[in-house]
Amino acid sequence: MQVERFVNSILGSNTYVISFEESNTAWCIDPGDSRPILDWLADNHKVLCGILVTHAHFDHIYGINDLTNQFPEATIYVSEYGKECLQNAKLNGSLYHEMPFVVRHNKIEVVNENVSIEMSDNQVMQVWETPGHSRDSLTFYIEEQVFTGDAFIPGIKTRTVFKGGDKEQAARSIQKILSRINDSTVIYPGHKEICYKKECEIV
Ligand SMILES: [Zn+2]
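Within every chain, residues take consecutive numbers counted from 1 along the sequence as written. In keeping with the predicted nature of the model, local features appear solely for residues at pLDDT of at least 70, side-chain atom pairs appear and are counted solely at 80 or more, and the whole-chain, interface and lining totals rest on all residues.

1. Focus: the overall build of the protein chain
Convention followed: Helix and strand definitions follow DSSP, with helices as H or I runs of at least four residues and strands as E runs of at least two, each counted in order from the N terminus. Radius of gyration here uses only the C-alpha atoms, and the compact-globule reference equals 2.2 Å multiplied by the residue count raised to the power 0.38. Any residue surrounded by 20 or more other C-beta atoms within 10 Å of its C-beta is treated as buried, while 12 or fewer makes it exposed and the intermediate range makes it partly exposed; C-beta atoms here are placed from the backbone. Whether two residues are in contact depends on their C-beta atoms, placed from the backbone: they are in contact if these lie within 7 Å.
Across its full length, the protein chain holds 4 helices and 12 strands. For 203 residues, the compact-globule formula gives about 17 Å, and the C-alpha radius of gyration of the protein chain, at 16 Å, lands near that figure. Per-residue burial over the protein chain gives 42% buried out of 203 residues. Counting only contacts in the protein chain whose residues sit at least 6 apart along the sequence, the fraction spanning at least 24 positions is 57%.

Structure, rendered in structure tokens:
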């Protein structure tokens, strides 16, 4: 499994593209600037088959329509409340960036803690509910690699000032993530640098 990181022009959010050597499929987590993602997919001859949304704040979703225009077969995986936010410019915060954005794609699959997403042969992405930064925050886990969105950013205090944020919930979600991973797990946060759990700073 290969993970490619892209740092976006809006708020420096991280987009990740996951691919597998043995197949031509790729998955995108939190699409921001679409051009670099589309170029990477073309250069590597990959077909985008899924988009995973850690949470539907604007800076983590604004590339979705560009990707699904290019790959109409791709499915979006998001929590139930996250789906509502994708389709509402007020709820996803884009209205306040003076760039109202709603997702137009209708292949959306709602996921929760009980669901795992089949990525490639025998490779399954687990879904963990990690609310607190936002009501809809999910964390995705596959093979010692964890994609935490804004629920856990090493070295940064989780922001809970947005609508639906909850400080205590956020702290519980961080504990939940940390209790489920080991020292050699790689953390891929929604902003800032990728790091191993053993090196990461918890504030
Ligand atoms: Zn956020």
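Following the structure, the description resumes.
2. Thoughts on the sheet that holds strand E6 (residues 108–110)
Here is the rule we go by: Strand pairing requires that DSSP identify at least two bridges connecting the strands. Between N-to-C directions, angles span 0 to 180 degrees; the directions come from axes that are lines fitted to C-alpha atoms, helices contributing only their stretch in contact.
Read across the sheet, 6 strands follow the order E1-E2-E3-E4-E5-E6 without closing on themselves; strand pairing throughout is mixed. At either end of the open sheet lies a strand with only one pairing partner, and these are strand E1 (2–7) and E6. Between one strand axis and the next, the sheet turns by 25° as a mean value, whatever way the strands run.

3. Section: the nonpolar core
Basically, it comes down to this: Nonpolar cores are identified as sets of buried Ala, Val, Leu, Ile, Met, Phe, Trp, Tyr and Cys residues joined via C-beta atoms within 7 Å.
Of all hydrophobic cores here, the largest spans 45 residues; its most connected members are Cys-28, Ile-51, Val-53, Ile-61 and Leu-67. Look past the residues within four positions of Ile-61 in its chain and what remains in contact with it is Asp-30, Pro-31, Val-53, Ala-56, Leu-86, Asn-92 and Val-103.

4. Thoughts on the sheet that holds strand E10 (residues 145–149)
One open sheet accounts for 6 strands, arranged E7-E8-E9-E10-E11-E12; its pairing is mixed. Edge positions in the open sheet fall to strand E7 (116–120) and strand E12 (195–196), since each of these has one partner strand only. Note that strand E9 (residues 138–142) and E10 share 3 bridges and pair antiparallel. Pairing of Tyr-141 across the sheet is with Val-146, part of E10.

5. Digging into unusual backbone geometry
Its identity is not glycine, yet Asp-30 carries a phi of approximately 55°, on the positive side. Looking at the element boundaries, Asp-30 is found in the loop between strand E3 (25–29) and helix H1 (34–43). Overall, Asp-30 belongs to the buried group, with 28 C-beta atoms counted inside 10 Å.

6. A few points about H1
Here is the rule we go by: Working definition: the arc comes from the directions between the helix axis and the C-beta atoms, pointing outward to the latter.
Those residues of H1 lying buried are Ser-34, Ile-37 and Leu-41. The buried residues of H1 occupy one face: seen down the axis, they fall within an arc of 65°. Pointing more than 90 degrees away from the buried face of H1 are the exposed residues Arg-35, Asp-39, Ala-42 and Asp-43. The inward-facing, buried residues of H1 contact E1, strand E2 (14–19), E3, strand E4 (47–52) and helix H2 (64–70). Two residues or fewer after H1 comes His-45, characterised by a positive phi angle close to 55°.

7. A word on the environment of Gly-93
Looking at the secondary structure, you find Gly-93 in the loop between helix H3 (80–86) and E6. Once you skip the residues sitting within four places of it in the chain, Gly-93 turns out to touch His-57 and Phe-58.

Taken by themselves, the reported measurements are silent on function.
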